[in-house]
Amino acid sequence: MKFRNFKAVPKMIFGRGAFNQLDEVLAAERKQADDFVVFLVDDVHKGKPLESRIPLKAQDKLIWVNVDEEPTTEQVDALTVEVQQFNSKLPVSVVGLGGGSTMDLAKAVSLMLTNPGGSAKYQGWDLIKVAAVHHIGIPTISGTGAEASRTAVLCGPERKLGLNSDFTVFDQIIMDSELISGVDTDQWFYTGMDCYIHCIESLEGTYLNEYSKAFGEKALDLCREVYLDDHPEKDDKLMMASYMGGMSIAYSQVGACHALSYGLGYVLGYHHGIGNCIAFNVLEEFYPEGVAEFRTMLDKHNITLPKDICKDLPDETIARMVKVAKSLGPLWHNVYGDGWEEKVTDEMLTKLYRRI
């Protein structure tokens, strides 16, 4: 039996105030006087205190990115061209500062600066052949696990699917829980639930092993301390839960909720976090204990999810979502194991979407 040889983030700094060390980290990458860094920063921080703390040098490129909509391959390709037109040299680092979508954009741009063609051709597993530009992830909201994962999730011309490869993994992450304090409650909940759902899917999947189980169980415990116990150190705990949840699925896989959520995101435009929550809320037949606990968390934090969003949609719209969800073979294999193709039918997926 051959085991998977996967790559993890090689360097990380964790702690309150750790963001102040970014300049020092980048200094180690700058070898020549004209070496430059590209900062991709969520535009929610424009004009806010964090902007003045970015260690921008005269030769660097700061790009404010908007992630009100799900990141797309078209957006990645446009950002890549913008960097190439800015300087004929490659940057010594690409820094993603923001939530999961911003970090995914940074990962994708760092890959496309060294791999030819548009990013849509690399949507899938292990299609990237050339190492990326050095890239750094700095979360300002926690839950997606993007800082730890080997994927950059993008909506492409055909589907929503990640650039999944060992080259996608960040070279460095900086985890500073001061940066995630004060996040809007709904966003804090939806993004954190991405981590919670990661863990439920991983721990109940056919790919489960002691590696993913160890990370998943601890991340799940941390999520409970954050969302059920309201622990005074909840920002630090959520940041570590996000990282460990991402590590859990590195050696396993997500499942039914993420498959359905990808359809919601690609066709209806729902952001990943809220899309997961909407889908998870109807999956008690797959994850009964997890869904019950999730609903307790919803009540505790007074979160009201959209309902009946698919009930009266045209059949052709549902069919598009079914096509996206059904294409995610590894996720369904994690749910059912071998022979999943016989169980994941158009009829089954249609019924699930109609309940959402």
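What counts as what
- Residues numbered from 1 in each chain as written.
- Predicted model: local features only at pLDDT ≥ 70, side-chain atom pairs only at ≥ 80, totals over all residues.
- Heavy atoms only, no water.
- Helix = DSSP H or I, 4+ residues; strand = E, 2+ residues; numbered from the N terminus.
- Contact = heavy atoms within 4.5 Å.
- Core = buried A, V, L, I, M, F, W, Y, C linked by side-chain atoms within 4.5 Å.
- Buried < 20%, exposed > 50% of the residue type's maximum accessible area, 1.4 Å probe, protein only.
- Pairing = 2+ DSSP bridges.
- Axes fitted to C-alpha atoms, helices over the stretch in contact; angles between N-to-C directions.
- Left-handed = near helix turned anticlockwise from the far one by under 90°.
- Nonpolar A, V, L, I, M, F, W, Y, C, P; charged D, E, K, R; others polar.
- Salt bridge = Lys/Arg side-chain N within 4 Å of Asp/Glu carboxyl O.

Novice: Sorry if this is basic, but what is going on with the side chain of Thr317 here?
Specialist: Relative to the helices and strands, Thr317 is located in helix α11 (residues 315–326). If near-sequence neighbours (up to four positions away) are discounted, Thr317 is found in contact with Val267 and Leu268.

Novice: Just checking my understanding: could you explain the nonpolar core for this structure?
Specialist: Nonpolar side chains in soluble globular proteins tend to end up buried together. The biggest cluster of nonpolar side chains holds 80 residues, and the ones touching the most others in it are Phe189, Tyr196, Trp332 and Tyr353. Broken down by element, this core gets its largest block of residues, 10 residues, from helix α5 (residues 185–203). Excluding residues within four positions of it along the chain, Trp332 makes contact with Ala256, Ala259, Phe286, Ala325, Lys326, Gly337, Trp340, Val344, Met348 and Leu349. If you look at the next biggest cluster of nonpolar residues, it comprises 23 residues, including Ile63, Val67, Leu79 and Leu105.

Novice: What should I look at first to understand the sheet that holds strand β2 (residues 37–42) in this one?
Specialist: What the six strands build is an open sheet, ordered β1-β9-β6-β4-β2-β3; its pairing is parallel. With one partner strand each, in any of the chains shown, β1 (11–14) and β3 (61–65) form the two edges of the open sheet. Across the sheet, the mean angle separating the axes of adjacent strands is 15 degrees when strand polarity is ignored. Summarising the sheet, β2 and strand β4 (residues 93–98) pair through five bridges and their orientation is parallel. Across the sheet, residue Leu40 finds its bridge partner in β4, namely Gly96. Running at roughly 160 degrees to β3, helix α3 (residues 73–86) makes contact with β2 and β3 of the sheet. Docked against the sheet, helix α4 (residues 100–112) engages β2, β3, β4 and β6 (135–139), running at close to 170 degrees with respect to β4.

Novice: Could you clarify how one ought to interpret the packing of α11 against helix α14 (residues 346–355) in this entry?
Specialist: If you want to describe how two helices pack, look at the angle between their axes and the distance between the axes. Two elements in contact, α11 and α14, have axes separated by 9 Å at closest approach and are oriented at 115 degrees. Every pair of crossing elements has a handedness; the one defined by α11 and α14 is right-handed. Across the interface between the two elements, Asp315, Ile318, Met321, Val322, Ala325 and Lys326 from α11 touch Asp346, Leu349, Thr350, Tyr353 and Arg354 from α14. Each residue belonging to the contact of α11 with α14 can be placed in one class, and the counts come to six nonpolar, one polar and four charged.

Novice: I tried to follow the pairing of β3 on my own but got confused; where do I start?
Specialist: The side chains of a regular strand alternate, residue by residue, between the two faces of the sheet. Across the two faces of β3 the burial differs, with Lys61, Ile63 and Val65 buried and Leu62 and Trp64 not buried at all. Relative to β3, β2 runs parallel, the two being bridged by five bridges. Counted as the bridge partner of Asp42 is Val65 from β3.

Novice: Explanation requested: the pattern of salt bridges in the structure shown.
Specialist: Close approach of charged atoms allows side chains of opposite charge to pair. Inspection of the entire model under this criterion finds 20 salt bridges. A cluster of three or more residues bridged by salt bridges with shared partners is formed by Glu284, Glu285, Arg295 and Arg355.

Novice: Before we go on, may I ask you to explain the sheet that holds strand β5 (residues 124–125) in this structure?
Specialist: Paired through backbone hydrogen bonds, the strands of a sheet run either parallel or antiparallel to each other. Sheet architecture is open: three strands sit in the order β5-β8-β7, paired in mixed fashion. Of all the strands in the sheet, the pair left with one neighbour each is β5 and β7 (153–155). In this structure, β5 lies alongside strand β8 (residues 160–164), joined through two bridges in parallel fashion. Residue pairing across strands places Trp125 opposite Asn164, the latter belonging to β8.

Novice: Explain the environment of Val109 to me, please; I cannot follow it from the model alone.
Specialist: Its place among the elements puts Val109 in helix α4. Looking at Val109, the relative accessible area reads 0%, which means it is buried. It is 9.3 Å that separates the C-alpha atoms of Val109 and His135, two residues lying 26 residues apart in sequence. Residues contacting Val109, with those up to four places away along its chain left out, are Leu40, Val76, Leu79 and Thr80.

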